[in-house]
Amino acid sequence: RNETRGTAAVEQIKRLGHADVIFHQLDITDASSIARLADFLKTRFGKLDILFNGMDAGQRINWMWTSCRQTYETAKQGLQTNYYGTKRVTEALLPLLRSSSDGRIVNVSSNFGLLSFFRNEELKQELNDVDSLTGERLDELLAMFLKDFEAGGAEARGWPAEFSAYKVAKAAMNAYSRILAKRHPELRVNCAHPGYVKTDITRNSGILTPEEGARNITSVALLPEGGPTGKYFSEGEEASFV
Ligand SMILES: NC(=O)c1ccc[n+]([C@@H]2O[C@H](COP(=O)([O-])OP(=O)(O)OC[C@H]3O[C@@H](n4cnc5c(N)ncnc54)[C@H](OP(=O)(O)O)[C@@H]3O)[C@@H](O)[C@H]2O)c1
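Everything numeric here is computed off the predicted structure, so don't read it as measured data.

1. Examining the environment of Ala181
Working step 1: Topologically, Ala181 is positioned in helix α7 (residues 164-183).
Working step 2: On the basis of relative accessibility, which here comes to 7%, the residue Ala181 falls in the buried class.
Working step 3: Leave out the neighbours within four places in its chain, and Ala181 touches Val189, Thr229 and Gly230.

2. Observations regarding unusual backbone geometry
Working step 1: Phi is positive for Glu162, close to 50°, though the residue is something other than glycine.
Working step 2: Structurally, Glu162 can be placed in the loop between α6 (135-150) and α7.
Working step 3: Backbone geometry places Phe163, a non-glycine residue, at a positive phi of 50°.
Working step 4: By secondary structure assignment, the location of Phe163 is in the loop between α6 and α7.

3. A look at the pairing of strand β2 (residues 104-108)
Working step 1: Most of β2 is tucked away, with 5 of its 5 residues classed as buried.
Working step 2: As judged from the 4 bridges shared by strand β1 (residues 50-53) and β2, these two strands associate in the parallel manner. Considered in β2, the bridge of Phe52 is made with Val106.
Working step 3: Two strands pair when backbone bridges link them, and β2 and strand β3 (residues 188-193) are joined in this way by 5 bridges, in the parallel orientation. What sits directly across from Arg104, in β3, is Arg188.

4. Quick notes on the domain arrangement of the protein chain
Working step 1: Its domain assignment divides the protein chain into domain 1 (1-46) and domain 2 (48-239).
Working step 2: Its C-alpha centre places domain 1 at a distance of 22 Å from the equivalent point of domain 2.
Working step 3: Contact with domain 1, which involves 9 residues of that partner, is made by 12 residues of domain 2.
Working step 4: Where domain 1 abuts domain 2, roughly 850 Å² becomes buried across the two surfaces, and 79% of that area is made up of carbon and sulfur atoms.
Working step 5: On the surface where domain 1 and domain 2 come into contact, there are 0 salt bridges.
Working step 6: For the pair domain 1 and domain 2, the number of links is 0 residue pairs in polar contact (both at pLDDT 80 or more).
Working step 7: Tallied by class, the residues present in the side of domain 1 that touches domain 2 amount to 6 nonpolar, 2 polar and 1 charged.

5. Comments concerning the sheet that holds strand β4 (residues 232-234)
Working step 1: In space, the 5 strands of this open sheet follow the order β1-β2-β3-β4-β5, with mixed pairing throughout. At either margin of the open sheet sits one strand with a lone partner, and together these are β1 and β5 (237-239). Between one strand axis and the next, the sheet turns through 30° on average, direction left out of account.
Working step 2: Along the sheet face, helix α4 (residues 72-99) touches β1 and β2 and points at about 180° away from the line of β1.

Rules and cut-offs
Residues numbered from 1 in each chain as written. Predicted model: local features only at pLDDT ≥ 70, side-chain atom pairs only at ≥ 80, totals over all residues. Heavy atoms only, no water. Helix = DSSP H or I, 4+ residues; strand = E, 2+ residues; numbered from the N terminus. Buried < 20%, exposed > 50% of the residue type's maximum accessible area, 1.4 Å probe, protein only. Contact = heavy atoms within 4.5 Å. Pairing = 2+ DSSP bridges. Domains from an automatic or database assignment. Buried area = accessible area lost by both parts, 1.4 Å probe. Salt bridge = Lys/Arg side-chain N within 4 Å of Asp/Glu carboxyl O. Polar contact = N/O pair within 3.5 Å; in protein donor to acceptor, adjacent residues only side chain to side chain. Nonpolar A, V, L, I, M, F, W, Y, C, P; charged D, E, K, R; others polar. Axes fitted to C-alpha atoms, helices over the stretch in contact; angles between N-to-C directions.

And the structure:
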């Protein structure tokens with residue numbers, strides 16, 4: 001999001017010997033920022049080969065260390081960033097991905113997004129039934145979650161406990177990825193859990209190095225042509241969404 005920090009990061013990468021790296025500002029909660037990125041990519045490259053989604057550190061840090069204070073506002077903001085932000089970026093860049101001969105989307109998910117955290121069986125089944133599930137129904141379910149959350153009854157209604165908005169947002173993003181994979185068989189759309197990684201989000205408390213975490217994500221992006229789509233990968237291995 002930050003021009004100065006982004007440019008500094010690119011300089012650092014270039015000093016490591018990778019010359020072909022550029023920075024472009026993006027705030028996934030800002031529609032005009034998304035449109036500027038899409039325009040830039042279209043003008044400069046005319047296509048997009050791989051989209052990695054999944055940057056939400058602030059939200060998760062807040063929830064991990066002040067989870068007891070997860071409020072209606074932070075829950076709402078969390079869904080806006082983690083689910084709706086990702087969805088908007090994806091939709092804005094879909095035409096460019098379809099212009100690629102082998103377009104790929106990797107949604108950086110989390111084991112916190114697994115359906116096993118949902119204790120309402122009906123809800124769990126609905127989120128897992130991607131043949132019937134639609135984007136509109138996902139919107140309804142997220143609105144229902146927020147309503148239950150506001151009324152203080154989310155856990156009682158079978159939504160995940162602890163970091164609930166983060167888990168719900170990641171589960172919704174997983175479901176949306178599967179819907180998208182079905183709708184666009186010409187693309188590879190997958191979800192990937194990087195593992196527990198030492199980054200800002202975990203306040204460096206993770207087990208894996210950032211390089212190891214990144215490898216778990218890029219390995220999914222670089223699967224052979226015609227490989228799996230609509231799947232979930234945990235630390236590089238295909239696994240269940242449940
Ligand atoms: N680390 C783990 O153990 C772990 C485990 C499971 C899943 N994940 C997932 O991995 C992904 C990346 O996390 P990370 O570990 O790499 O954390 P990180 O080092 O803290 O990075 C998070 C990034 O998200 C960006 N971001 C936050 N809000 C944004 C917005 N509105 N628009 C654009 N960018 C935004 C931040 O950009 P700024 O620099 O502008 O702040 C930052 O670069 C997340 O989706 C997370 O859920 C991480």
